[in-house]
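Here is what each chain is made of, one letter per residue.
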Amino acid sequence: DSSGYATVGIGHLLHRSAVTISDISHFENYRGLDGKAKPHAFAQADALALLASDVGWVQRDILAYIKPRLGPHHFDALADLVFNCGPAPLTADVGQLYNAQDFAGAGEALLQWDHSAGAVVPGLLRRREAEQQLILHGTY
């Protein structure tokens, strides 16, 4: 990813370091989430299975940190943010503003989560702006 972290599929984080030879070998001979499938090259179905497993921890984090009941567009914006950044925004300003039901403030605060290695990443900025539009206007 833009931070140099090893990812696979649809943004599934392997570890917070560069891709290794072991990573490449593992996904050339992938055996599925449970490790019991016949070895095969990592495919779209595998990427979707990893994404589905990631959705579970994203949902748990949102429900653990955010107290107001969320409409679908609010939940979706936070899910995208948390999938990309982990739960840190929920424990910081974005979560505090959401819990105060200051959604405009939360929309502004999430724009701060556009950095990697201390620099603004244009793709992350676009992603945060899209999440902001989702929060403020329900625009997908």
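Notes on the structure follow. Nothing here was measured: the structure is a model prediction, and the numbers come from that model.

**Here we look at a nonpolar patch on the surface**
Taken together, Val19, Ile21 and Ile24 make up a surface patch of nonpolar side chains, about 300 Å² in accessible area. Position of Ile24 relative to the elements: it lies in helix α1 (residues 21-28). What makes Ile24 partly exposed here is its relative accessible area of 42%.

**Comments concerning the packing of helix α3 (residues 72-85) against helix α7 (residues 122-137)**
At a minimum axis distance of 8 Å, the contact between α3 and α7 shows a crossing angle of 160°. Classified by the interaxial angle, the pair formed by α3 and α7 is roughly antiparallel. Classified by chirality, the crossing of α7 by α3 is left-handed. Of the residues in α7, those touching α3 at His73, His74, Asp76, Ala77, Asp80, Leu81, Phe83, Asn84 and Cys85 are Leu124, Arg127, Arg128, Glu131, Leu134 and Ile135. In terms of residue class, the contact of α3 with α7 is built from seven nonpolar, three polar and five charged.

**Some points on unusual backbone geometry**
The residue Gln101 is not glycine, and still its phi comes out positive at about 60°. Looking at the element boundaries, Gln101 is found in the loop between α5 (93-99) and α6 (103-109). Exposure remark for Gln101: the relative accessible area of 52% places this residue in the exposed category. One non-glycine residue, Ala117, lies in positive phi territory at about 55°. Along the chain, Ala117 falls in the loop between β3 (115-116) and β4 (119-120).

**Describing the pattern of salt bridges**
Counted by the stated rule, this structure contains two salt bridges. Among the ionic pairs, Arg127 bridges to Asp80, the shortest N-O distance being 3.1 Å. Taken together, the residues span a long stretch of sequence, with Arg127 in helix α7 and Asp80 in helix α3 at a distance of 47 residues. One salt bridge connects Glu131 with Arg128, and the closest N-O pair in it is separated by 2.6 Å. Of this pair, Glu131 and Arg128 both sit in helix α7, three residues apart, roughly one helical turn. Of the residues examined, Arg128 reaches a relative accessible area of 0% and is grouped as buried.

Cut-off values and rules
Residues numbered from 1 in each chain as written. Predicted model: local features only at pLDDT ≥ 70, side-chain atom pairs only at ≥ 80, totals over all residues. Heavy atoms only, no water. Patch = residues over 30% accessible without salt bridge, like charges linked within 9 Å, V, L, I, M, F, W, Y side chains within 5 Å. Areas by Shrake-Rupley, 256 points an atom, 1.4 Å probe, with all protein chains shown as cover. Salt bridge = Lys/Arg side-chain N within 4 Å of Asp/Glu carboxyl O. Helix = DSSP H or I, 4+ residues; strand = E, 2+ residues; numbered from the N terminus. Buried < 20%, exposed > 50% of the residue type's maximum accessible area, 1.4 Å probe, protein only. Axes fitted to C-alpha atoms, helices over the stretch in contact; angles between N-to-C directions. Parallel < 35°, antiparallel > 145°, perpendicular 65-115°, else oblique. Left-handed = near helix turned anticlockwise from the far one by under 90°. Contact = heavy atoms within 4.5 Å. Nonpolar A, V, L, I, M, F, W, Y, C, P; charged D, E, K, R; others polar.

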